[in-house]
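The primary structure of each chain is shown beneath.
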Amino acid sequence: MTRDLIGYGGAWPALTWPGGSKLAVSVVVNFEEGAEQQVIDGDPVSERMGEVISVVPEGRPDPGQAQIFAYGTRAGAWRMADALRHYHVPATVFACGRAAERAAPVLQVFSKDGHETACHGWLWRPHADYDSAEAEAHDLDRATAAITKVTGAAPMGFFCRGAESPWTRDLLAARGFVYTSNGFDDDLPYRDPSGLTVVPYALDANDMKFFHPNGFVRAQDMVDYVTDALDVLEAEAARGLPRLLNIGFHLRIVGRPGRFKAFEQILAELDRRRDRLWLARRIDIAEAFDKACPA
C-alpha cells in the first residue's frame, strides 16, 4: 500500500452540495451492541473497553461488560431515536451484522425513520486481523444478509473498527458497495482505485472520546468541540471551500443520561444552522460527490 500524503493538494474540487451549501454534515450512530466479542457468546475473548477497562481475566466470561453494552440497545437507543426524530436530523447507522441479527427491533426503528444502515462488519473488530480474503468475505456476506433481512435494504456503505484488510475494498466493490468510510485523512470524499468512493470518517468529533482519558469528560466538552468544528468549517465554506464534518455517536455512550445532553444539544445546534448546512446520510453524500466529481 502506498500512502497518499498530498490528496487534493489544496486544489479543492468545484463541489457544491445539494441545496447550495458548501458544508455537509454527517451524523453517525454506531450500532455495535451484541456484536462486541464476549466469551458468554462463544467468542474467545471479551471486549475490554467500556465504562472502565475490564479486569476480568482474558478468556473468562464478563457479564458486567456485556451488560454495559446491552444498555445501548435496551435504553440508550430509544432516547437517541426520539431525539433524531424531534430535530429531523438524518443519520447513518453503522450496524454490525450480529448486532442487527440480535437486536433487530431496535435497528428497525432507525430504518423506519429513514436513516441509512451501513455495514460495520459482522463483529465489532478490525478487518485488518483477517488472515484471508475468504474468511473476510464470509463475514461480509453474512453481515450484509443480516442487515438486509432486518431493514429490507442492502447496505451500500461500509466502516469497520480499526482498519481494513488489504482485501476489504476489492471485496466491497465486487459486492456492489458504493462507499467505504475507513478513511480519516481528508475533509472531503475522494476516489479509491477499487472504484469505491471514500467518505472519510473522523474520531475526534466522536463520543468514543468519553471512554478515553485524553477525551471528553462532561457532555458540554463534546458540544463545545463540535461547535468549534462547525464554526471553522462554516468560515471556510463561506470562502467557497467545500467541506464535510463527521460526528460519531454510540448507543451505549451518549445514550446514558449523563452524556445524552451532548447528543441532544449537538442535534439542536445542527437544527439551528440548518439553512447553512446540508445534513445528509452518507450514501447521499457519496452519490452527490460521484455526480459532481465523476471518475
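Residues numbered from 1 in each chain as written. Predicted model: local features only at pLDDT ≥ 70, side-chain atom pairs only at ≥ 80, totals over all residues. Heavy atoms only, no water.

### Observations concerning the overall build of the chain
Right, so step 1: Looking only at helices and strands, the chain features 8 helices and 9 strands.
Right, so step 2: What you see for the chain is a C-alpha radius of gyration of 18 Å, in line with the 19 Å of a compact globule of 295 residues.
Right, so step 3: Once the C-alpha set of the chain is aligned to its principal axes, its extents read approximately 55 × 45 × 35 Å.
Right, so step 4: For the chain, buried positions account for 55% of its 295 residues.
Right, so step 5: For the chain, the exposed surface amounts to about 13000 Å²; the carbon and sulfur share of it is 53%.
Right, so step 6: On the chain, the mean spot of the 32 positive side-chain charges and the mean spot of the 41 negative ones are 4 Å from each other. (Helix = DSSP H or I, 4+ residues; strand = E, 2+ residues; numbered from the N terminus. Rg over C-alpha atoms; globule rule 2.2 N^0.38 Å. Buried < 20%, exposed > 50% of the residue type's maximum accessible area, 1.4 Å probe, protein only. Areas by Shrake-Rupley, 256 points an atom, 1.4 Å probe, with all protein chains shown as cover. Lys, Arg positive; Asp, Glu negative; His and termini not counted. Charge placed at Lys NZ, Arg CZ, Asp CG, Glu CD.)

### Remarks on helix α1 (residues 63-87)
Right, so step 1: Here α1 contains 25 residues, and its C-alpha end-to-end distance of 35 Å stays within 8% of the 36 Å for a straight helix at 1.5 Å per residue.
Right, so step 2: The sharpest bend along α1 measures roughly 50° and falls at Gly-76.
Right, so step 3: Of the residues one or two after α1, His-88 is the one with positive phi, at around 55°. (Expected span 1.5 Å × (residues − 1). Bend = angle between axes of the 7 residues up to and from the residue.)

### Structural notes on the packing of aromatic side chains
Right, so step 1: Considering all chains together, one arrives at 11 aromatic pairs under this definition.
Right, so step 2: With 5.6 Å between their ring centres and 25° between their planes, Trp-17 and Trp-278 make a pair best called stacked. Remark: Trp-278 occurs in strand β9 (residues 278-279) and Trp-17 occurs in the segment before β1 (23-31); sequence separation between them is 261 residues. No difference in accessibility class separates Trp-17 from Trp-278, as the two residues are buried. (Phe/Tyr/Trp six-rings, centres within 6.5 Å; stacked < 30°, edge-to-face > 60°.)

### Quick notes on the UniProt feature "domain: NodB homology" (unreviewed entry) in the chain
Right, so step 1: When the UniProt feature table is mapped to this numbering, "domain: NodB homology" (unreviewed entry) covers residues 63-280.
Right, so step 2: Secondary structure across residues 63-280 comprises 47% helix and 12% strand; the distance between its end C-alpha atoms is 37 Å. (UniProt positions renumbered as here; feature names shortened; annotations may be inferred.)

### Digging into the pattern of salt bridges
Right, so step 1: Enumeration over the complete set of coordinates arrives at 22 salt bridges.
Right, so step 2: Between Arg-273 and Asp-231 there is a salt bridge, and its shortest N-O distance comes to 2.8 Å. Here Asp-231 lies in helix α6 (residues 219-238) and Arg-273 lies in the loop between α7 (257-272) and β9, a separation of 42 residues in the sequence.
Right, so step 3: Residue classification places Arg-273 among the buried residues on the basis of a relative accessible area of 7%.
Right, so step 4: Looking at Asp-231, the relative accessible area reads 40%, which means it is partly exposed.
Right, so step 5: Here Asp-271 makes a salt bridge to Arg-274, at a shortest N to O gap of 3.0 Å.
Right, so step 6: On the basis of relative accessibility, which here comes to 29%, the residue Arg-274 falls in the partly exposed class.
Right, so step 7: Through salt bridges with shared partners, a single ionic network connects Asp-231, Glu-234, Glu-269, Arg-272, Arg-273 and Arg-276. (Salt bridge = Lys/Arg side-chain N within 4 Å of Asp/Glu carboxyl O.)

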